[in-house]
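# Fold and contact review
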Amino acid sequence: MGKFTTLGEHILHSQYAKANSTGELTHLLSCIRLAAKVVNSEINKAGLVDEIMGKMGKTNIQGEDQQKLDDYANRKFIDAFEARSQICGVASEEEDSYIAFEKESCRNGKYVVLIDPLDGSSNIDVNVSIGTIFSIYRRVTPIGSKAELKDFLQKGTEIVAAGYVVYGSSTIMVLSVGQGVHGFTFDPSVGVFYLSHDNIQFPKSGSIYSVNEGNYPFFSDGIKSYLRYCKEHDDASGRPLTSRYIGSMVSDFHRNMIKGGIYLYPSTTLAPQGKLRLLYECKPMAFLAEQAGGIATDGQNRILEIEPTELHQRCPFIVGSPDMVNKLKEFL
Ligand code: P6P
């Protein structure tokens with residue numbers, strides 16, 4: 001694609017390439033693009049607009065304090081999805097259960113969307129980058145009926161498209177429709193996402209590891225051994241590695257995919273299934289990782305092959321440059 005390719009042009013081009021495309025996915029991705037612009041606008045004002053800053057005074061189903069911006073982003077994306085007829089339902093990390101849209105035009109939609117509207121929201125009030133994560137599946141229930149739970153409990157291998165938005169020093173949307181991973185940087189002066197990272201590939205290896213080492217006492221012996229390995233001084237193998245951990249997985253993932261690296265949120269004795277959510281965080285990021293030549297595992301299994309059993313289930317998550325993930329697995 002040429003210079004100044006917009007996200008819209010890129011989506012159209014990718015869909016034209018598909019023989020049986022009906023344009024519905026194109027419309028759906030355009031809906032996500034619009035909602036991301038709206039959320040981006042509010043995030044950029046979060047420091048100024050006090051009704052957006054701070055906590056809602058309630059917790060979400062994850063038991064996490066719901067930030068006002070979490071709720072704002074959640075509402076904006078769900079409203080945007082409901083306004084389009086391509087989507088029959090949505091499951092959001094911020095909602096107790098999935099939402100099956102009632103409108104007949106929506107019931108005829110052939111896609112469902114799973115979304116983490118604002119990942120890393122503990123960083124909102126301290127001006128550290130945060131992100132939105134989304135994934136799109138074809139429904140498995142009949143067109144015209146209301147979406148059901150099984151539409152959302154699909155393996156990651158069934159993902160049609162997935163992506164994230166990082167609201168950081170600049171706002172970038174990273175997207176894959178199964179034809180590689182591409183990054184689009186938002187130009188607020190014209191309100192357009194321009195192709196800035198064409199066909200992103202995970203470096204085969206890297207020197208960055210991202211983990212909350214405060215959990216060290218609760219990690220397995222294998223993870224502890226790997227972290228000691230990362231910190232040993234060995235010039236021949238370029239160690240010690242560099243520790244970088246932002247507290248927003250989207251941002252850590254994005255940096256590691258560009259520069260090479262590994263992100264891990266493993267199981268602990270306190271949380272045997274880890275912290276990250278399989279459906280809203282692990283599977284979309286695993287789809288992107290594999291599209292970019294990376295590896296994503298729970299330590300034993302390929303993330304995309306895990307059969308979900310419930311909407312909000314958690315999953316140990318290790319993702320990054322293939323040589324680094326394979327090295328870690330030697331310690332497990
Ligand atoms: P901890 C944000 O809440 C998140 O889901 C990821 O984006 C981030 O990497 C992780 O949890 C941070 O969790 O326990 O290290 O604060």
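Coordinates for the structure precede this section.
Calculation notes
Residues numbered from 1 in each chain as written. Predicted model: local features only at pLDDT ≥ 70, side-chain atom pairs only at ≥ 80, totals over all residues. Heavy atoms only, no water. Near = heavy atom within 4 Å. Polar contact = N/O pair within 3.5 Å; in protein donor to acceptor, adjacent residues only side chain to side chain. Areas by Shrake-Rupley, 256 points an atom, 1.4 Å probe, with all protein chains shown as cover. 1 Å grid on protein atoms, 1.4 Å probe; cavity = no way out; pocket = protein on both sides within 12 Å on 5 of 7 lines; lining within 4 Å. Sits in = over half its atoms within 2 Å of the grid points. Nonpolar A, V, L, I, M, F, W, Y, C, P; charged D, E, K, R; others polar. Pairing = 2+ DSSP bridges. Helix = DSSP H or I, 4+ residues; strand = E, 2+ residues; numbered from the N terminus. Contact = heavy atoms within 4.5 Å. Axes fitted to C-alpha atoms, helices over the stretch in contact; angles between N-to-C directions. Phe/Tyr/Trp six-rings, centres within 6.5 Å; stacked < 30°, edge-to-face > 60°. Buried < 20%, exposed > 50% of the residue type's maximum accessible area, 1.4 Å probe, protein only.

### As for the site of the ligand
- By nearness alone, every residue bordering the ligand is listed as Asp 119, Gly 120, Asn 212, Tyr 245, Gly 247, Ser 248, Met 249, Tyr 263, Tyr 265, Lys 275, Leu 276 and Glu 281.
- The side chain of Tyr 245 places a nitrogen or oxygen atom 2.6 Å from an oxygen atom of the ligand.
- Within the contact set of the ligand, an oxygen atom lies 2.6 Å away from a side-chain nitrogen or oxygen of Tyr 265.
- When the ligand is considered free in solution it has 390 Å² of accessible area, and contact with the protein chains removes 82% of it.
- The cavity where the ligand resides is the largest pocket.
- Looking at side-chain class alone, the shell around the ligand contains five nonpolar, four polar and three charged residues.

### Side note on the sheet that holds strand 10 (residues 192-197)
- The eight strands lie next to each other as 4-3-5-6-7-8-9-10, forming an open sheet whose pairing is mixed. Where the open sheet ends on each side, the last strands, each with one partner, are strand 4 (99-100) and strand 10.
- Taken together, the two bridges between strand 3 (residues 87-92) and strand 4 define a ladder with antiparallel strand orientation. Looking at the pairing, Val 90 lines up with Ile 99 of strand 4.
- Its contacts with the sheet place helix 3 (residues 68-82) against strand 3, strand 4, strand 5 (111-119), strand 6 (130-138) and strand 7 (159-167), and it is angled at close to 160° to strand 5.
- Contacts between helix 8 (residues 278-291) and the sheet are confined to strand 3, strand 5, strand 6, strand 7 and strand 8 (171-176), with strand 7 contributing the most and set at about 100° to the helix.

### Remarks on the packing of aromatic side chains
- This model, assessed by the stated rule, comprises ten aromatic pairs.
- For the pair Tyr 226 and Phe 331, a centre-to-centre distance of 5.7 Å together with 70° between the ring planes defines the contact as edge-to-face. Of this pair, Tyr 226 sits in helix 6 (residues 221-231) while Phe 331 sits in helix 9 (residues 322-331), and the two are 105 residues apart along the sequence.
- Under the relative-accessibility criterion, Tyr 226 is labelled buried at 1%.
- A network of ring pairs unites the aromatic residues Tyr 164, Phe 202 and Phe 253 as a single cluster.

### Brief notes about the sheet that holds strand 14 (residues 295-297)
- Taken in spatial order, the five strands make up an open sheet running 12-11-13-15-14, and their pairing is mixed. On the outer flanks of this sheet lie strand 12 (242-243) and strand 14, each paired with one strand and no other.
- Sheet analysis places strand 14 next to strand 15 (residues 317-320), joined by three bridges and oriented antiparallel. Note that in strand 15 the partner of Thr 297 across the bridge is Ile 318.
- The strands that helix 7 (residues 249-259) touches are strand 11 (208-210), strand 13 (262-265) and strand 15; relative to strand 11, the one it contacts most, it runs at about 165°.

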